[in-house]
Each structure stands twice: as structure tokens, then as C-alpha cells.
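Chain residues, written in single-letter form:
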Amino acid sequence: MKLDFEHIESKWKKIWAETHLYKVNEDTTKPKYYVLDMFPYPSGAGLHVGHPLGYVGSDIYTRYKRMKGFNVLHPMGYDAFGLPAEQYALDTGVHPAKSTSDNIIRYRSQLDNIGLSFDWSRQVRTDDPEYYRWTQWIFLQIFQHYYDKTDDKAYPISRLIDIFNNKGSIGVNAAGSSHAPFTGDQWAAMTPAEQSQMLMNYRLAYRKIGYVNWCEALGTVLANDEVKDGLSERGGFPVVQKEMLQWSLRITAYAERLLEGMESLQWSESMKTVQRNWIGRSEGAFIHFQVADQPEVSIKVFTTRPDTIFGSTFIVLAPDHELVPALTSVDFSKAAETFKERIKSKSAEQRSTSQKTPDGMWLGSYALHPITGDEIQIWIADYVLRDYGTGAIMAVPGDDARDRAFAVHYQLPVLEVIDRLQVPDAEMGDREGIMINSSFLDGLNVQAAISSMLDYLEKNNLGVRNVEYKLRDANFSRQRYWGEPFPVYYDDAGIVHAMDENTLPLELPDLDDFKPSPDGRSPLARLTEWTQPYPGVTRETDTMPGYAGSSWYFLRYMDPTNDKTFASKESIDYWKDVDLYIGGVEHAVGHLMYSRFWHKVLYDLGRVPTQEPFKKLVNQGMIQGIVESLFLFKEKKDGKAHFISADLVTERKIPKEQLSTIPVHIDFVTDYGHPDSHLNEMGIASFIKWRPEYSTALFETKNGIQQFSDLKDVELRTLSEIGKMSKRYHNVVNPDDVIARYGADCFRMYEMFLGPIEQSKPWDTMGIEGVSKFLKKLWSLFFNDQDELIVNRNSASDDAQKAIHATIKKINEDVERFSFNTAISQFMICVNELRKLDEHSVEILDPLVRTIAPFAPFLSEELWSLLGHHSSVHLAPFPDYDEKWLVTTSIIYPVCINGKKRGEINLPVGSTNAEIEKAAMDLPEILKWVEGKPIRKVVIVPDKMINMVI
RNA sequence: GCCAGAGUGGCGGAACUGGUAGACGCACUGGAUUCAAAAUCCAGCGUUCGCAAGGAUGUGCGGGUUCGACUCCCGCCUCUGGUACCA
């Protein structure tokens, strides 16, 4: 029987679905294991061969763990809200709900083709009201809590209100925005709107003025990746920063815990580093600088280098710092206004250039140096950011490169405070050297000076120690339609109210026009009957960002249909957390940071039993595409488009400025992805059919310039670059096509065989034949050329036993460390060996089928049933190996002279050093080397090798 | 610039704790089978000198530690990804 994978796949796909083979329940008799894939955004392009890399890896692991006796939760769903669907709706009028559903159907069929063992009964999609009902519910929990820094824990906002009622804000140690302290009486005297405003300073979900990328010409707000070099990606219109009241999440309250929590996680060091850098913890101090002639005003700066304070010769504030108006002298106020306007439009511009040119202005006022009392100038400049630290710095041009450049540019005084002569390699800011010009710090090294100055500042009430984080509160508002509506409303006084939990979900209303409303608000703003359903109730028109639904979806899988709560306590207590999470590195800071944050909030509220959601993280590499493009001269030749072969471009050193590159569909390209990839006559014909506007074009190759009508012997070389696999570059490879040709098992194994799962690599089908051949060889252990089943009940040979047990052992080890490529090599070695031995006994083939089942689920299931089993191989136990077949009785010792192998001796295990040495010395090829030379040393590693030094 | 990761045959890659570098696969070459081809099977395959036996050399480059280094240490180069004035 020839291996008919099409028949096998459709047969088992159907049976698995009918028998609900992959459905799991909470089963307390088995240990649980949770394997999670990052759920996909169902884009219009469908899955390409890059996506399944992680899915196949996690599926192999899932199946392996199941066979090892674990109760494995392995679900899948869709991150269904998102910008592309809304953009598509704008372009075509197709409702995002419709296009998303269509895409999901396609994704599902593609995923099924790969043979992934998801429990589809647990599918979630974030745009389902029954799902986002709980996204809204969690948002409300976040909204109704604040963070107590003393207890390091979130508490209900009602507790804070009680405290305010009793004794006001004095003594409250909570994460929040700064405000003037007040007493209990003052709190009671506040209007409800004022009180509401005050609570906003503490809520974990709160509203504040934020900046959005506003594009006047498009009349809309753009996402960061829709802005390139200060211009909108579509249309190239100018984009400015516009102030808007936005929802934010106070993730900064959790900065320290997000940092500490990583210690216990099995994540790659690089992933942890990325998160650490993103959190950006730095220790330093707040220092107060009095303003000259305004004794009631002082400027608070943050510095990590209090030791350099004597070198502080001026102060710089962010242009939008709240004190700027008060610090601007009358003569400068007009100039300051223009400056601020200019910076606003600049902030989106190329920042790299501003790095080189300092840009700031003096406000005409002075501050007093807190220690020396000297008057120093107060400046504003674009290099100081309002959101970091206090939005103000003490500039130390003596030991900070930016301050130095700024001071030099504006001819401000520079005072050296660190002598680095003793440490020649040290540069500015390196925390190396000896303090000079610094009064009582002189002679100390930097570290000693820092702690000495911190003590001094605190003792004299000039400043306090402080820890700052680069991490900012997360913007949680989008001026878009296709997202979760906020479950809040505003009353006539503008006070925010949470909706009653029992009225959730607040459903996203239907819409047929997806254009934003003219004032930059979302399309929802135009639906007045929705935004103002009753008198005195106004709804929020912003919707939640993409990460809202994805920040907790892994919890919903535990109990996906619960309509009483987001997931029952029993199910969460059973599944607890994700044991293995596989996904792309691109989510390093976004999704993974936000999910951890939400999880910690839920932990504080007693809703989840674990502090961290994802115990182990594996980042799969990207499968890249090869972008094939044609070179086209920008200038036309005789009014005709003029293409030129890539080899001629290199040969003639044609400057790139004269050429543009036109991405070409990879199906037209001969030798796709190889150095001599090109279009031949047929390729060019397809190209012209595809892009008829080039039907009159000229094609220049080694054989001269030719027209499409009379092509002969053309080899129009293309430019091959490794890039993203994307619709845009016409280089998407659909797994369905590969599966149709080679089968799902082959596809799965080939993706794994390409290399380590964490590594990125371009898609290349060159080697797939090798895996295909391997599967046929495996098949041929069961069937002969006459299609007869040749499996027998004979007892297996010792060599076959050794081969299979070595394989079982190796597969165990390799799967545990996600080394799937080497596992597949081992299968190949094993099958080659069994074929050589002409081994067809059940004793060997039974465990072989079970060992390979996680990798090739269809074929193994078929073979398993051919062996006479009536239940699925995927429910069978993973075979154990028997050490007795793995003990070696003899060892081939390499005999080395000076570390180089010169001969071999075969000796029994456990030979003594003397025996080994003697045997080695008897070797003629060794004698030749040692002859006449004294042996200085003999190194013997028992059961490993022998080395002689001469 | 900074941070992280990686450089091994023509190609994808292996070598897990310092111990026979190149497993496994692709491509290529020769042979068997075939009327022929596909498929299949067998053999060879880092570079270099040599008819051969055998030698030299070889894991980005330069040094070092070691009996022995792809693996450890120091310095550099290149590539990939992330990040962007963070006080």
C-alpha cells in the first residue's frame, strides 16, 4: 500500500472530531499541565507557514505530556478586536464582525489541517459579548481599586474613601498622582465632582490628559505604527501631538513587583532583560531647588547622581512642565510660547537629529543651588521629558554627555566634578573616578560620594532618596470602533460612574459607517442614541485597546462558558497558571507585561491563586519570507518602463537612487530564494498578466534590451531579500498548499526539522523531500512493495532493541528541552537502522509508533490501528526505555597525541588506566608517534578518551 | 549609541557538564535497477598535499588558559532582533 496521507488525514480528522478526542475536563486524579499558544489575530491574509512553528511545537509537547499521564489543557481562540478589520471596513464597508468571522472560519480550517490537538470546546474570541462582558468586568475591578504602597497590595477604592472621610489624605501611602494634601474636613467640603477628581488620582484605571497622534488632514487619531517620520503612513500628512482626556492603567504601581516576579520565571534571559529595561528601575533622589525671588516656589528634580550636585550649573525643565508659566519672566513669555508650540509639532519628528542639535531656551529666571546658594539659570529643553522623574533635571555638564552638549551649545558654565585620570577607559557618566570641586565630597570615589550626599540631603531636608521607573502608565483609550466599550457613564456634572456589574455586557452597537467623528473621537460619537441613552447618562466613546482582551484570555479558557463569573474558582484552582507559553518575541513588552499586571491585580483581589500567569515561556523564531523584487529605472526610456536584471545592477554599479524596486509575486520566480533567482519568459508573462500596466515595458538582461512581445532567452534576475512574510510582498506561503502536496505530518516534522524552535529562518522547501522520504521509509517498515502488512510477532533482535530504546531515551530528553530538530534526526537514525536490520516485529514497531505519535499524529494513528489497537494512539502511554538495552560493554577509545586523535582502541567498559595505557601503547600508529620521544604525561578520562603528551 | 542573541561544509543544522568537529537532512558526484525516466537502493562528499598509505589545516578574526577549546577568559569584526534623549 502506498502511503496515502490524504485519505489517512481526512479519516482521522473526522474520527477525532466525532469522539471529542482532545476534550479535557478538570480531572483531579491526574496532574494538570497547561500549554498555551499566543492566540492569533485573525487577519485577512490567513495563516502562513510561519504561524504554525509555535503551534506545532506546543502541540508536540502537549501530546507528549498527555501520553506521559498529564491532564493537559491546550486551548485556542482568537484575538478578534483590532485595527485591520476596522480599516478593512472603512475601505470596503464590510462590517468588522463579518470579516472577522469569515477570517476565523478560514483560520480554523487551516489549523485543523495541521492536526493540532486543541480542545475546541473551549474556544474564546475577544469580540464575543459573552467574553468581553468579563473584560469589562475586570476593567471595573481595576477602576474600583487603588494601590496601597505600605501593604503592597490593591484595595477597594471604598477603603480609601473611608480614610479620606476620617483623616483626609495625610498619611496615605498610595500609588497616585501628586496633589495638595487635605484633611478629613476639607474632603467633606469638596463637591462630588472634586471628590471624583481626587479619586482619579488613585484609581488603578483612571482618566488623565494624554497625547495622541492627531492628523488634521485625515481628521483622525493614528496609532504609533501608522506614523512614520512625523507624517501619516497613509497620505503622508503631518501629524501632531494632541491633548486628549484618556483612560490609563496605573501599571507603574506594580513596577517593583513586575520586576521581582520575574526571578522565579523560566523565561529566556533576553526576554527578562527586555522587560527589565522596559521597567527601567533607577535609584536616586529627589532634590529641591528654591527659585530665586519666589520663596514659595521650588523645583523638584530627580537625579541618580546626587554626588555631582556641585557641578550642577543650570536647571532644565520639560517644556510642558507645570511650573513653566510661573518660572517664565515677562520678557520671555512670548518666546516661550512659540518654543513650546514648535516642540509640540517636533516631538513626532525624527528624534535622531534633535539628539545632535540641542534645542532649548532660558526662561529668564534663576534657581538657587541647594548647597552653595549660587544663582543658576532655569531652562526648558526638548531633551527633558515630562513623564520621567519629575520632568526637571539638575544639569551637570561636567559628567553628563547631553548636559555637556547643551551647555557647550548655549555657552553655559561647565564645572568638572570628577577626576577620571586614574581610570583611563572611563567616560562621562561611568560612575568612576574621584570627586573634585565638590567641597566635602572631594577625594571620595563616586560610590562613596553618592551615599554620602544622600545622607547629607536627607539630614538637611534638601531631598529624599527615591526610586524611579521608566515604565509609564498604560494608555487604555482608543478612538476607534472595533474594541470593547467602556462599562462606564458620565453624569451631567462629568462624574464617572461604573456601570452595575449585572447590566454587563455593554454591547458594542451596530454601525454602518466606520469613519471617525470629525472631532477625533471614535465613530461611536456619532451614535447619539447610544452615547446618550437616557437623560443624565453619557457613555464613553473611546473603546479599549487590543491588549484588553488578550490580558486575561488564558483564564477564560479554564472555564469558557461560565456566565456567573470570568472563570469559576474551582477551575482556576485546578488549572492555576500556564505551565508552558509559546509565542513570538514581538509581544515581549506589550502583551506579556500587561497580562502580568492584570494577573497581579486579580491576585490582590483574591481572584487567582498565583502571582504570575506564565511559568515557562518559549519564544519561537519567525519564519521569514524571501522578498523577490525587480529593479525598475525611475526614469523611463523612450516613454517606456525600463526593468533591469539584478546582476547588471551590481556589475555596472548603478546607484540605488536611480532605481525603484517592485516586489514580484514569488510564484513567478524561478529558483525562488536562491542567488540566481530570476524571471524567465513565462515568469515575465505571468508578471505582465498580473501588472498589465507594464505590458509595454522594456526588459534589460545580459542579452540586451527586449520587449515583452519578442522575448528570447531572458533571465531577468530578481533581488532576493529576507523579510517578513506578508501579503504586501506577495511572498506568503500557505500551509494548506504544503500539506496538500506532502501531508500534514510531513509539514509538521519539516517545520520542526528546520532548526531550533527559537531561531528565525527563511522558509525554504528544499529539504522537505528528506522528511517526506523518511515518512515513506517508516511506512515501509509496515508494508512491503506488494502492499502486504509485514509486521510480525517474532522476538526482536538485540540491535533493534538497542535502536528503539536509545531512540525513546533521546526523544524524551529532546522533547523536554524543546529540541525537536534533533529528535527528528533521531527518528531518522532509528528508522534507517531498523530497515538495515530488516526488523518488522511488533515488539519494536509498537513503541516506535507511540514515540513518534506527538510528531506525526495522523500517520501514527493509522499505523496504531493497523497494529490492531481500537483506541487512539494519542491516549496510549508514552513508552519507557529500558536501561538494559543501553548499557555498553565496550568503548572505542580515541587515542590522542597532544590532543589530536591518532588512533582507536576498543576496550571493555571499566578498564583500568594501566590497561588503557598499555593497549594504547601497543597500537602501531601510536608507536610511530611516540618512538624515541619521552612521554611527558598521560591523561586518561575513564570510559572517554586517552591523551598522551610528548 | 545602548541591550539581547548569533557567526561551524555548497545549504539547513548537530556536538547537552572542556574530551573523536561536521550527527541527521538537502544539494552534488559515481554506481545499481530501468528500453528510458521518475521513484528506489548502494557508495563518496570541509579545505589542501598525495596514485595510495598517510599528512597538514579547519568552528568570524587576534590573543590567552588547558594535556586537550566550537565550548572557558580578554580584545575586535560582522549579522539579526529590540530600543531610542530615561536625568
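Everything here concerns the structure above.
Residues numbered from 1 in each chain as written. Chains lettered and ligands numbered in written order. Predicted model: local features only at pLDDT ≥ 70, side-chain atom pairs only at ≥ 80, totals over all residues. Heavy atoms only, no water.

Colleague: How do you make sense of the side chain of T126 when you look at a structure like this?
Modeller: Mapped onto the secondary structure, T126 falls in the loop between α4 (96–114) and α5 (129–143). Looking at T126, its side chain comes within polar contact range of the main-chain nitrogen of A80, at 2.7 Å. One polar contact links the side chain of T126 to the main-chain amide nitrogen of F81, over a distance of 3.4 Å. (Helix = DSSP H or I, 4+ residues; strand = E, 2+ residues; numbered from the N terminus. Polar contact = N/O pair within 3.5 Å; in protein donor to acceptor, adjacent residues only side chain to side chain.)

Colleague: I'm lost on the protein's contact with RNA strand B in this one. Help?
Modeller: Near RNA strand B there are 49 residues, and of these S270, T304, R402, L754 and N947 occur at the shortest range. Considering RNA strand B, the proportion of its atoms within 4 Å of the protein that are sugar or phosphate atoms stands at 63%. In this structure, L754 approaches RNA strand B through a main-chain N or O atom, which is 2.6 Å from a sugar or linking oxygen. Contact between RNA strand B and R835: a phosphate oxygen at 2.8 Å from a side-chain N or O atom of the residue. Contributing elements (two or more residues each) for the surface near RNA strand B: α10 (269–279), β11 (294–303), α25 (768–780), α27 (820–837), β35 (900–908), α31 (924–930), β36 (937–941) and β37 (945–949). Looking at the surface near RNA strand B residue by residue, the classes come out as 18 nonpolar, 16 polar and 15 charged. (Near = heavy atom within 4 Å. Nonpolar A, V, L, I, M, F, W, Y, C, P; charged D, E, K, R; others polar.)

Colleague: What am I meant to see in the pattern of salt bridges here?
Modeller: Pairing between side chains of opposite charge can happen when the charged atoms of each approach one another. Using the criterion set out here, one finds 42 salt bridges in the structure. For D399, the salt bridge identified is with R305, shortest N-O distance 3.0 Å. Residue D399 is located in the loop between β15 (392–395) and α14 (401–410), and its partner R305 is located in the loop between β11 and β12 (314–317); the two are separated by 94 residues in the primary sequence. A single burial state applies to D399 and to R305, both of which are buried. Through salt bridges with shared partners, a single network forms among K32, D577, D579 and K615. (Salt bridge = Lys/Arg side-chain N within 4 Å of Asp/Glu carboxyl O. Buried < 20%, exposed > 50% of the residue type's maximum accessible area, 1.4 Å probe, protein only.)

Colleague: Can you walk me through unusual backbone geometry in this structure?
Modeller: Most of the time, phi is negative for any residue but glycine, and the peptide bond is trans. P505 follows L504 through a cis peptide bond whose omega is 0°. Along the polypeptide, P505 turns up in the loop between β21 (496–498) and α16 (528–531). At F818, a residue that is not glycine, the phi angle is positive and equals roughly 55°. Position of F818 among the secondary structure elements: in the loop between α26 (798–816) and α27.

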